[in-house]
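# Architecture at a glance
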Amino acid sequence: MSTTPEAAQAAAERVPLENMDHHDVNLDMILDVPVTLAMEVGRTRISIRNLLQLNQGSVVELDRAAGEPLDVFVNGTLVAHGEVVVINEKFGIRLTDVISPAERVRKLR
């Protein structure tokens, strides 16, 4: 597999994301890319036996206390914490703590 001189020079000129000034990055080409945003209230582990016994009205205890912040994930990466709000009879989330971009990049590695 050979590399053209132009490709080698372009690779050598690339600046690692964490070293880039935000003015150096043109984000326009990715702004419309859809991502999956998920809010996590909590987690638990149960056996398959107990899972199969769940029915309407069952209560599943989670690993978080009432009032603790929710985790906000984008494509499986933690990006923020927040709290549940109700807006026009729909649930929403108010972000209370956003993970810094540098920390998010560090977690991707």
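Higher on the page you've got the structure.
Residues numbered from 1 in each chain as written. Predicted model: local features only at pLDDT ≥ 70, side-chain atom pairs only at ≥ 80, totals over all residues. Heavy atoms only, no water.

### Digging into the pattern of salt bridges
- Per the counting criterion, the structure on display carries 3 salt bridges.
- The salt bridge partner of arginine 64 is aspartate 71, with a shortest N-O separation of 2.3 Å.
- When the shortest N-O distance is used, the salt bridge between glutamate 83 and arginine 94 registers 2.8 Å. Taken together, the residues span a long stretch of sequence, with glutamate 83 in strand S3 (residues 77–87) and arginine 94 in strand S4 (residues 90–98) at a distance of 11 residues. (Salt bridge = Lys/Arg side-chain N within 4 Å of Asp/Glu carboxyl O. Helix = DSSP H or I, 4+ residues; strand = E, 2+ residues; numbered from the N terminus.)

### Some details on the pairing of strand S2 (residues 70–74)
- Counting buried positions along S2 yields 4 of 5 residues, so the element is predominantly enclosed.
- Two strands pair when backbone bridges link them, and strand S1 (residues 37–40) and S2 are joined in this way by 4 bridges, in the antiparallel orientation. Paired with alanine 38 across the bridge in S2 is phenylalanine 73. (Buried < 20%, exposed > 50% of the residue type's maximum accessible area, 1.4 Å probe, protein only. Pairing = 2+ DSSP bridges.)

### Observations regarding the side chain of histidine 81
- Assignment of secondary structure puts histidine 81 in strand S3.
- Engagement of the side chain of histidine 81 in a polar contact is seen with the side chain of aspartate 71, the distance being 2.9 Å.
- When sequence neighbours within four positions are dropped, the list of residues in contact with histidine 81 reads Pro69, Leu70, Asp71, Val72, Arg94, Leu95, Thr96, Asp97 and Ile99. (Polar contact = N/O pair within 3.5 Å; in protein donor to acceptor, adjacent residues only side chain to side chain. Contact = heavy atoms within 4.5 Å.)

### Let's talk about unusual backbone geometry
- Phi at asparagine 75 takes a positive value of approximately 50°, unusual for a residue other than glycine.
- Summarising the element assignment, asparagine 75 is placed in the loop between S2 and S3.
- Despite not being glycine, glutamate 89 shows a phi value in the positive range, around 65°.

### A few points about the sheet that holds S1
- Strand order in the open sheet formed by 4 strands is S1-S2-S3-S4, and the pairing between neighbours is antiparallel. Whereas interior strands pair on both sides, the edge strands pair on one side only; in this sheet they are S1 and S4. With strand direction ignored, the average angle separating the axes of adjacent strands in the sheet is 40°.
- For S3 and S4, the ladder comprises 8 bridges, and the chain directions are antiparallel. By the bridge assignment, histidine 81 is partnered in S4 with aspartate 97. (Axes fitted to C-alpha atoms, helices over the stretch in contact; angles between N-to-C directions.)

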